[in-house]
Amino acid sequence: MKSDGAWDVVVVGGGVSGCMAAVAAARLGARTLLIERYGFLGGALANAGVGPMMTFHAGTRQVVTGLPQELVDLMCAHGGCLGHIEDTTGYASSVTPFDPEVLKLSLDEMAQRSGVQVLLHARLVDVRRAGQALQAVRAQTKGGLLELAGRVFVDATGDADLSVAAGADVRQGRDEDGLCQPMTANFRLSGVDMDRLKAEIRRRPENFNIQDLSSIDRAPRLSMAGFYSEFNEAKAAGEISTRREDVLLFETVRPGEVIVNTTRVVRLNPVDPWDLSLAEREGRRQVHELLSFFRKRCAGFAQAQLVSTGVQIGVRESRRVMGDHVLTQEDLLSSRPFEDAVALGGYPIDIHNPTGAHTSTMHLRPGQFYYIPLRALIAAGLDNLLVSGRCISATHEASAAIRVTPIAMAVGQAAGTAAALSCLQDLPVRALPVARVQQTLERMGASIH
């Protein structure tokens, strides 16, 4: 096994949360390494077909700013993003459609300009630990097994892989049975007649979840939930077996192309290799089943063509790392103020049924947002491990809100900032003056209060 270099901050996982962590750390002067198992950055937005980003806002106020907004601006400059637009379903305060290929390019550029060392095609194998501190991660690469040493580590794997390898306390799924929210194979369709689809929504508004019909004329792209009657008729006829109650889709940056978020794979463990293998096959089966349904029964889809499925199935929930604070549903719904708040969010608690159809939603008041404390990013029992993205310390219910892309990026910027300051000031993460972390985040444009 080769030992390659030593870094201040080592971020494992090159999804958008990990990228924000790495860029934040590098810009503060920390020698930063970002490790990613695929050949590109972007995580679920690039490998699982997840889109659009939702939501940067709480009502009309933008609560996710800083590096995440810089990424949006860069994608817009490359012609691969529409910025923040109205969510025509009325579910979220905004949506942000983007081109995943431009996302990959933009993340490459942000990392390079910031001085992040990026190691692609590197899969975490295990760690070297001394007492309560991690000393190095071991990753399998084309060049063999590498040992990569660091001073502070950030787990941005989504599934808490680094934390598990380090021996951290992790939980999974809901408390009563450990079941996670369903996995979903998102897919893209082109050739959708949007004029025909919008005409059908106007003709039968009761068949769709559009809160304000005028929004489909205002917004540059359509977000839509519905086709209730067609969906239920097809299920009754045995044409589709997806355990969901409706169709959910989002028009992309390309007019007439949509991302369909409707497959639902339940009762399988996303971190069990056999279950995950079965989930991938089941997701693909549902995709082609739904494609036939769209063409046969849905207005505007007669000429629809399947563009792509994801490199992997989308995972809403798996492991969560227990930290110095466990974020709860009550924390979010009450907008509990934390003295160590380092990120904000405005997405509702959105629990897709782990066993079948229906989604449980707890909406915030108009304009309400919540706070995420630094303590929820610090892995309990370990001295130099921070957690970023959907696997931060939270209950099953709270995780259902903070798991979405903009919030994951805000948390990533906070984790990277704390990691860098820990190294540069030669202080344990828990000994960092919270005010220094918050002031540094605000100087980088982040919103924390």
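Everything numeric here is computed off the predicted structure, so don't read it as measured data.

Novice: Would you take a moment to explain the overall build of the protein chain for this structure?
Specialist: Helix and strand counts for the protein chain come out as 13 helices and 22 strands. Its C-alpha radius of gyration of 21 Å places the protein chain within 12% of the 22 Å reference for a compact globule of 449 residues. Along the three orthogonal principal directions, the C-alpha set of the protein chain runs to about 65 × 45 × 45 Å. Within the protein chain, buried positions represent 62% of all 449 residues. Contacts in the protein chain between residues far apart in sequence, at least 24 positions, make up 71% of those at least 6 positions apart. Accessible surface computed for the protein chain: about 16,500 Å², of which carbon and sulfur atoms make up 49%. Across the protein chain, 46 positive and 49 negative side-chain charges occur, with their mean positions spaced 2 Å apart.

Novice: Would you mind going over the side chain of Ser-447 with me for this structure?
Specialist: For Ser-447, the location among the structural elements is in the segment after helix 13 (434–443). Of note is the side chain of Ser-447, whose polar atom sits 2.8 Å from the side chain of Thr-65. If we skip the residues at most four places from it in the chain, Ser-447 touches Arg-61, Gln-62, Val-63, Thr-65, Ala-343 and Leu-344.

Novice: In this structure, what is going on with the pairing of strand 18 (residues 341–345)? I would like to understand it.
Specialist: Regular strands place their side chains on alternate faces of the sheet. Within strand 18, 5 of the 5 residues are buried, which leaves it mostly tucked inside the rest of the structure. By the bridge criterion, 4 bridges tie strand 18 to strand 21 (residues 370–373) in an arrangement that is antiparallel. Looking at strand 21, one finds that Gly-345 is bridged to Tyr-370.

Novice: Quick question: what am I supposed to make of the environment of Pro-354 here?
Specialist: Positionally, Pro-354 belongs in the loop between strand 19 (349–352) and strand 20 (359–362). When the C-alpha positions of Pro-354 and Arg-267 are compared, they lie 6.4 Å apart, and in sequence the two are 87 residues distant. For Pro-354, the residues in contact, after removing those within four places along its chain, are Arg-174, Leu-179, Cys-180, Gln-181, Pro-182, Val-266 and Arg-267.

Novice: Is there a simple way to think about the sheet that holds strand 13 (residues 247–251) in this case?
Specialist: Strands belonging to one sheet form pairs held by backbone hydrogen bonds; the direction of such a pair is parallel or antiparallel. Spatial strand order, 12-13-14-11-15: 5 strands in an open sheet with antiparallel pairing. Of all strands in the sheet, those with a lone pairing partner are strand 12 (223–226) and strand 15 (305–309), marking the two edges. The mean angle between the axes of side-by-side strands here comes to 25°, regardless of whether they run parallel or antiparallel. With 4 bridges connecting them, strand 11 (residues 187–190) and strand 15 associate as antiparallel partners. Within strand 15, the residue paired with Ser-190 across the bridge is Gln-305.

Novice: Would you explain the nonpolar core in this entry?
Specialist: Grouped burial of nonpolar side chains is what soluble globular proteins tend to show. With 111 residues, the main nonpolar core has Met-53, Leu-71, Leu-103, Val-137, Ile-372, Leu-377 and Leu-386 as its most contacted residues. Residue contributions to this core peak at 11 residues, all from helix 12 (residues 405–424). Ala-185, Ile-210, Phe-301 and Val-315 belong to the second-largest nonpolar core, a separate cluster that totals 34 residues.

Novice: So what exactly am I meant to see when it comes to the pattern of salt bridges here?
Specialist: One side chain can pair with another of opposite charge once the charged atoms of both are near each other. Here the structure, examined in full by the defined rule, presents 36 salt bridges. A salt bridge links Arg-196 to Glu-200, with the shortest nitrogen-to-oxygen separation between them at 3.6 Å. Of the two residues, Arg-196 and Glu-200 are both situated in helix 6 (residues 194–203); the distance of 4 residues between them amounts to about one turn of the helix. Arg-196 sits in the partly exposed class, given a relative accessible area of 39%. In this structure, Glu-239 and Arg-297 form a salt bridge, with 2.8 Å as the shortest nitrogen-oxygen distance. Residue Glu-239 is located in the loop between helix 8 (228–236) and strand 13, and its partner Arg-297 is located in helix 9 (residues 273–297); the two are separated by 58 residues in the primary sequence. The partly exposed category is assigned to Glu-239, whose relative accessible area is 24%. Each of Arg-196, Glu-200, Arg-203, Arg-204, Glu-206 and Glu-230 takes part in one network of salt bridges that share partners.

Criteria and thresholds
Residues numbered from 1 in each chain as written. Predicted model: local features only at pLDDT ≥ 70, side-chain atom pairs only at ≥ 80, totals over all residues. Heavy atoms only, no water. Helix = DSSP H or I, 4+ residues; strand = E, 2+ residues; numbered from the N terminus. Rg over C-alpha atoms; globule rule 2.2 N^0.38 Å. Buried < 20%, exposed > 50% of the residue type's maximum accessible area, 1.4 Å probe, protein only. Contact = heavy atoms within 4.5 Å. Areas by Shrake-Rupley, 256 points an atom, 1.4 Å probe, with all protein chains shown as cover. Lys, Arg positive; Asp, Glu negative; His and termini not counted. Charge placed at Lys NZ, Arg CZ, Asp CG, Glu CD. Polar contact = N/O pair within 3.5 Å; in protein donor to acceptor, adjacent residues only side chain to side chain. Pairing = 2+ DSSP bridges. Axes fitted to C-alpha atoms, helices over the stretch in contact; angles between N-to-C directions. Core = buried A, V, L, I, M, F, W, Y, C linked by side-chain atoms within 4.5 Å. Salt bridge = Lys/Arg side-chain N within 4 Å of Asp/Glu carboxyl O.

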